[in-house]
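Single-letter residue listing:
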Amino acid sequence: MVELKCQHCGYRWDYRGDNEYYATCPRCRYKVKLPEDKAREVGRRKLSLELRRNLLTEKQPTKLLGVAGTVNRVIEEFGYGKNMLIQTLLRLQRSFGWLPREMVSEVSKQLRVPLSQVYQIATFYKAFPLAPRGRHLIRVCMGTSCKVRGAPMVLDKIQRTLKIEKDQSTPDGRFSLETTKCAGCCALGPVMTVDDEHYGNLRLPDVERILSKYE
Amino acid sequence: MEAVKPLSSPKEIENLRQRIRAKRKTGKPMISVCASAGCVALGASRVLDAFKAELEKQGQKDKVEIKQTGCLGFCEQAPIVTIYPDEICYFKVRPDDVPEILSKSIDKKQVVKRLLYKDPVTGRRAQRLKEIPFYKYQLRTLLECNSKIDPKKIEDYIALDGYDGLVKALFKMTPQQVIDEVKDANLRGRGGGGFPTWLKWETSRKATEEPKYVIANCSEGDPGSFMDRSLMEANPHSILEGLIIGGYAIGSHEGYIYVKDEYGLAVENISKAIRQAEEYGLLGENILRSGFSFKVTVHKGAGAFVSGESSALMTAIEGNIGEPRPKYIHTAVKGIRGRPSCLNNVKTWANVPLIILKGSDWFRSIGTKCSSGTAIFSLAGKINNTGLVEVPMGTTLRDVIYKVGGGIRGGKRFKAVQIGGPSGGFIPEQYLDLQVDFDEVANVGSMMGGAVVMDEDTCMVDAAGYFVDFLLDESCGKCIPCREGLRVLSKTLNTICEGEGTREDMQIIEDVAETMRDASLCALGTNAANPVLTSLKYFRDEWEQHLKEKRCPAKACKALTKYCIDPKKCQACLICLRECPAEAIQGEKDKVHWIDQERCTKCGVCYEVCSFDSVKKLSGEPVPSPPPKGMRPIRKRGG
């Protein structure tokens, strides 16, 4: 707190703000320039305030619960790095399966990145689903090699068997169906993966047998 | 495991190498199982478990060593098992074969003949890798070590002269000498562009700003190629060593390795490799007490094709969306956070230790005058021997496809080979004698990369449309020529495939493609029209048939094909009738079936399931009218 006097109207008051250069007179709204010694005092106070604020938010002693806790553990691991935003989202997605709205906004709050930027990343990249997924994720490879070897027919067959379209989940929450650009096993096409298990050299009758393995 | 002491001088690493080699020389038989993603998909991990269980049962656990290696390349014949010291290779091994292999090959030193490679033409069996045509015509400099290295063990790599190149660079060469050596070797960017590597390095070295970064690009997004993945999975240390040498040459102390998140095994192996190298003091502060420090971070990409472009990849590393930016100033000068950043493909980095160790003359002796070294292809599509191939630059495509690749599947006719994914182009039969190197491939409108072989059943219009749709999905949308151009291309190509195209459509496609090439921001846009333009250039008659005659000669475009059943061949077995999802097949037991054209959705299931070849695809021809009811010919099964 520093005492200031307005040069315009002569009003004296205790200034509590944190601007080191100008204060506004509460009576006449005239800009009052801070004398050097008082400016220094304001600067000192500002610094200590900032320090305290940083201590409060970044090394919070209170334990975060629920989604906030999950998000916080990941963010802490990456050292609160804003450039680690993609890695943070990837890790969360891996552990949770998809990115619920609460999780995304929590990441934005804790990393102090605008929500729009988090959503920009979550929607730009293919790896982040923003809707719930089934228990098992089926990915049918639609790479060049798999395509010429008959992947579209395998996809057709799966769609018919599960009665869902691509990018949908079965109503009982058992499967989600997606296509991928290339699973990197071009030599074995057509390829599909269920969860992380690869199935190569697929024939149409194999599909039902494979799907029945997953509950 | 014993605790590892960080190595602190070149002598210590040499001593370690001798110790490891001495330990290996006991002559203990070793079983190595290829555990790359491809082999695992066909059951390699079950084979590995079977070996372990069987050895446990027989009480021979200490007498035989089991090793999991990276990709051997011959994915067609997976899973592959190699028995050392005799180097006997077994293909397509099932868990049931394990006891026989153990009892014969290990105990009695015999060979299990039925699991050896059988030449499809001569029927001769081959025991060793070198005797198999697939390997005989290759020159594997980078991939050679794959069969001898467990990617999760740094000791295996060190035993094979690993990190010797790094020692030579750090202690016997100045950074400038390293760059000169790479310049003499004429190493060009293996990512596809073929930009001289030394030029990039020198630009970064001369840039004044600090810190500098080096980046290894393993964001392999193009469908149909898996070279980077296999290399990263099988031999991560070679990439790491190259990156450290590059860092030393440029004067950078921080490296990034950008890997696609989908490549789980590759991420795992490279992360482990970094940890092990740090334990041994080959990475981190003051490497081998040379005064040079270097650290490496693995950065996972979240699946976007455009992120493989250099400036987009750098913004992704900064934590933003991977959009490219105009490159008036090269990324080698202003890259990550505005600092000089030198980005190379992982295959380029893996070549660096070899060049340093064996010298530029050795490297230049391989390949052609303009492109030295070897080219790594992934061979896929309608070819007999799919897999990973390394040949010297200058090998003809015909040799790659027919000698190494074993020709086209099912004796069909070769139509085109697509090289370089969505940025590359189709190469037709008349250019099969083309000598593969960066310039020759660029001359025919394509670029280096994974090769996908297409036979007469592939429609070139449809294939071009496939790549355009892929890119449309992957375009970041920042610049208009790419975003809107692809949309127009896709729409026009779809109308042609549906048989509603006109002659003007071809003109539109050519105009749009040219605009995109001139005006797009990054390589995704400028090269996006390559597949369409090459398809149009080399297969114009096929396009004309789509436009004029409304027919697809390859019978691949759904809207232009019809299915029908040949009454003479149909055995009335009811299989297609049961499988048909649209219930379009009519008929009954012992009566010849026919397809109701109005109901048929052209899914092709009947074509696939028929074991008598009676279902035919027709395009542009009239469908024979079905015999009237009651007059349906009767055919007894098997008759």
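Everything discussed here concerns the structure shown above.
Only a predicted model underlies this, so the values are computations on that prediction, with no experimental measurement involved. (Residues numbered from 1 in each chain as written. Chains lettered and ligands numbered in written order. Predicted model: local features only at pLDDT ≥ 70, side-chain atom pairs only at ≥ 80, totals over all residues.)

### Concerning the overall build of chain A
Thought 1: Per the secondary structure count, chain A includes 8 helices and 8 strands.
Thought 2: Projected onto the principal axes, the alpha-carbon positions of chain A cover approximately 90 × 35 × 30 Å.
Thought 3: For chain A, with 215 residues in total, the buried portion stands at 31%. (Helix = DSSP H or I, 4+ residues; strand = E, 2+ residues; numbered from the N terminus. Buried ≥ 20, exposed ≤ 12 C-beta atoms within 10 Å, placed from the backbone.)

### Remarks on the interface of chain B and chain A
Thought 1: Tallying the contact residues gives 41 residues for chain B and 35 residues for chain A.
Thought 2: Listing elements by their share of the side of chain B that touches chain A, those giving two or more residues are α2 (37-41), β11 (374-381), β15 (451-455), α18 (460-474) and α25 (605-609) of chain B.
Thought 3: At 4 residues, α2(B) tops the list of elements feeding residues into the side of chain B that touches chain A.
Thought 4: Taken together, the residues of the side of chain B that touches chain A break down into 21 nonpolar, 13 polar and 7 charged. (Contact = placed C-beta atoms within 7 Å. Nonpolar A, V, L, I, M, F, W, Y, C, P; charged D, E, K, R; others polar.)

### Re the pairing of strand β10 (residues 341-345) of chain B
Residues and elements named next belong to chain B.
Thought 1: In terms of residue burial, β10 counts as a mostly covered element, since 5 of its 5 residues are buried.
Thought 2: Side chains of β10 alternate between two faces, with S341, L343 and N345 and C342 and N344 buried alike.
Thought 3: Where strand β7 (residues 213-218) meets β10, 5 bridges bridge the pair, whose relative direction is parallel. The residue of β10 that forms the bridge with A216 is N344. (Pairing = 2+ DSSP bridges.)

### With respect to unusual backbone geometry
Residues and elements named next belong to chain B.
Thought 1: Note that the residue after A78, namely P79, is joined by a cis bond; omega there is -10°.
Thought 2: For P79, the position within the fold is in the loop between β2 (65-69) and β3 (81-84).
Thought 3: Of the consecutive residues E210 and P211, the connecting peptide bond is found in the cis state with omega at -10°.
Thought 4: Among the structural elements, P211 can be located in the loop between α9 (197-206) and β7.
Thought 5: Non-glycine residue E87 carries a positive phi angle of around 55°.
Thought 6: Structurally, the position occupied by E87 is in the loop between β3 and β4 (88-90).
Thought 7: We classify E87 as partly exposed; it has 13 C-beta atoms within 10 Å.

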